Amino acid sequence: AGLGGTTRGTARVSGSGRQTSGGCRRVMRLETRAVAQGPTSTTVEVEVQCPSEEHGMKCSLERSVKFASCEPGSYEAEECPAPLTSLTPEQLEQAYERCGLVTEYYAKTFYLGTQLMTPEKARAIWAIYVWCRRTDELVDGPHASRITPKALERWDERLEAIFAGNPYDMLDAALADTVRKFPVDIQPFRDMVDGMRMDLVKPRYDNFEELYEYCYRVAGTVGLMTTPVMGIAKDFVGETEETYTAALSLGIANQLTNILRDVGEDTRRNRIYVPKDELEMFGITEEEVMACSLVTEEGGTDERWRRFMKFQIERARRYFKMAEEGVMKLEENARWPVLSALVLYQQILDSVESNDYDNFTQRAYVPKWKKLRSLPISYWMVVENSLKKLV
């Protein structure tokens, strides 16, 4: 699982949408799906939609609208009946500092980017990141083998308490304070915990429809959590939903990249995330994946696996492309950290290709010098976009 609806394929996203009964336009996507034809494959476009993603989007947008319509100061009082009364300002500051230290340790590049944000926004992003990381480690951390559905129920209870202003510990307190100050809705957080439940009970995904649901829950949700904090540019004249949709796409792209990087590692935990029906389209069996037999001892990669991986990487890159288009709709001080993460994650896909698509015996990674190089590249992309507006 990582830091990512229910019908999918290679992400070609249309700008169209339909009104739902709740007033939120449904997230509509056009996906390109492989179809086997003898020894080769072709692609067809299909319309896709994701019920849980639509619901998470609807809740997040409604929360943002309610926040925008409130008088200054009234949002906190209405939304948090028990607003952390037992914590002193000094204790709350310590809670945020601890979140910052955790973020800096595990996500150095992203942490550096948050330094361009206002202090209040940066601290809120740290608090969200830490909650997501703690949630992820429930099923992928050192104690994952002892995690039960009951443990996730207790984590759900802690989440509800956070949004009620009653945090369990100091790290929770930082998030509780964040949701008082920004229009962050609880639904994406609930969806992420549901994604952890999938990891407990679902080691295989029959098709991309199922996989996308998982990617939304464990990663797409992060976009819905953080966009209300980062803010949308005041000069953006489009629909707010466009920015949220782009944020969702970045989460999906990141999670697809995690999956493609970690195929071999996941087999050791009896997990295959790549869709079974797409493996079959390229003539690959589940047994071959589990045995890691698609690479030879001499270091060669099976041609079927190369073709399969090219198809998967193209899908991830299309999601990245849509996400990139949405970054420039964020408030200016939030663009660089998001774009830096986007550029960095795309380089993981480059590394998979450089390894001849061997993600069984080799782990794709981005060298430190490349990470550092990506920072000025992404910063210039932000500057260049700003200069275009002045012309």
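Residues numbered from 1 in each chain as written. Predicted model: local features only at pLDDT ≥ 70, side-chain atom pairs only at ≥ 80, totals over all residues. Heavy atoms only, no water.

Trainee: Can you walk me through the overall build of the protein chain in this structure?
Mentor: In terms of helices and strands, the protein chain carries 16 helices and 3 strands. Expressed as a percentage of its 391 residues, the buried residues of the protein chain come to 54%. Counting only carbon and sulfur atoms, one obtains 53% of the accessible surface of the protein chain, whose full area is about 17400 Å². (Helix = DSSP H or I, 4+ residues; strand = E, 2+ residues; numbered from the N terminus. Buried < 20%, exposed > 50% of the residue type's maximum accessible area, 1.4 Å probe, protein only. Areas by Shrake-Rupley, 256 points an atom, 1.4 Å probe, with all protein chains shown as cover.)

Trainee: Is there a simple way to explain the packing of aromatic side chains in this structure?
Mentor: The geometry of an aromatic ring pair comes down to the distance between the two centres and the angle between the two planes. On inspection of all chains with the given rule, the structure shows 14 aromatic pairs. Look at Trp131 and Trp155: their rings are 6.4 Å apart centre to centre, the planes differ by 25°, and that puts the pair in the stacked class. One end of the pair, Trp131, is in helix α5 (residues 119-140); the other, Trp155, is in helix α6 (residues 149-163), and 24 residues separate them in sequence. The exposure class of Trp155 is buried, given its relative accessible area of 8%. Ring plane angle 65° and centroid distance 5.3 Å describe the contact between Phe163 and Phe189, whose orientation is recorded as edge-to-face. Remark: Phe189 occurs in helix α8 (residues 187-201) and Phe163 occurs in helix α6; sequence separation between them is 26 residues. Assessed through its relative accessible area of 11%, Phe163 is described here as buried. Ring pairing ties together the aromatic residues Phe282, Trp305, Phe308, Phe311 and Phe360, which thus form one cluster. Positioned above the aromatic ring of Tyr96, the side-chain terminus of Arg123 is 4.2 Å from the ring centre. (Phe/Tyr/Trp six-rings, centres within 6.5 Å; stacked < 30°, edge-to-face > 60°. Lys NZ or Arg CZ within 6 Å of the ring centre and 35° of its normal.)

Trainee: Looking at this structure, I do not really get the pattern of salt bridges. What am I missing?
Mentor: Side chains that differ in sign of charge can pair as their charged atoms come close. A full pass over the atoms with the stated rule returns 36 salt bridges. Among the ionic pairs, Asp169 bridges to Arg158, the shortest N-O distance being 3.1 Å. Placement of the pair is Asp169 in the loop between α6 and α7 (170-181) and Arg158 in helix α6, with a sequence separation of 11 residues. By relative accessible area, Arg158 is classed as buried at 19%. As a salt-bridge pair, Arg306 and Glu303 come within 3.0 Å of each other at their nearest N and O atoms. Of this pair, Arg306 and Glu303 both sit in helix α14 (residues 303-327), separated by 3 residues, roughly a single helical turn. What you see here is one network of salt bridges that share partners, running through Asp140, Asp199, Asp266, Arg269 and Arg271. (Salt bridge = Lys/Arg side-chain N within 4 Å of Asp/Glu carboxyl O.)

Trainee: Would you take a moment to explain the packing of α5 against α6 for this structure?
Mentor: Each packed pair of helices is defined by two parameters, the angle between the axes and the distance between the axes. Look at α5 against α6: their axes get within 11 Å of each other, and the N-to-C directions meet at 170°. Between α5 and α6, the angle is such that the two are roughly antiparallel. Note on packing geometry: the crossing formed by α5 with α6 is left-handed. Side by side, α5 and α6 meet where Trp131, Arg134, Thr135 and Leu138 of the first sit next to Leu152, Trp155, Arg158, Leu159 and Ile162 of the second. In the contact of α5 with α6, the residues fall into 6 nonpolar, 1 polar and 2 charged. (Axes fitted to C-alpha atoms, helices over the stretch in contact; angles between N-to-C directions. Parallel < 35°, antiparallel > 145°, perpendicular 65-115°, else oblique. Left-handed = near helix turned anticlockwise from the far one by under 90°. Contact = heavy atoms within 4.5 Å. Nonpolar A, V, L, I, M, F, W, Y, C, P; charged D, E, K, R; others polar.)

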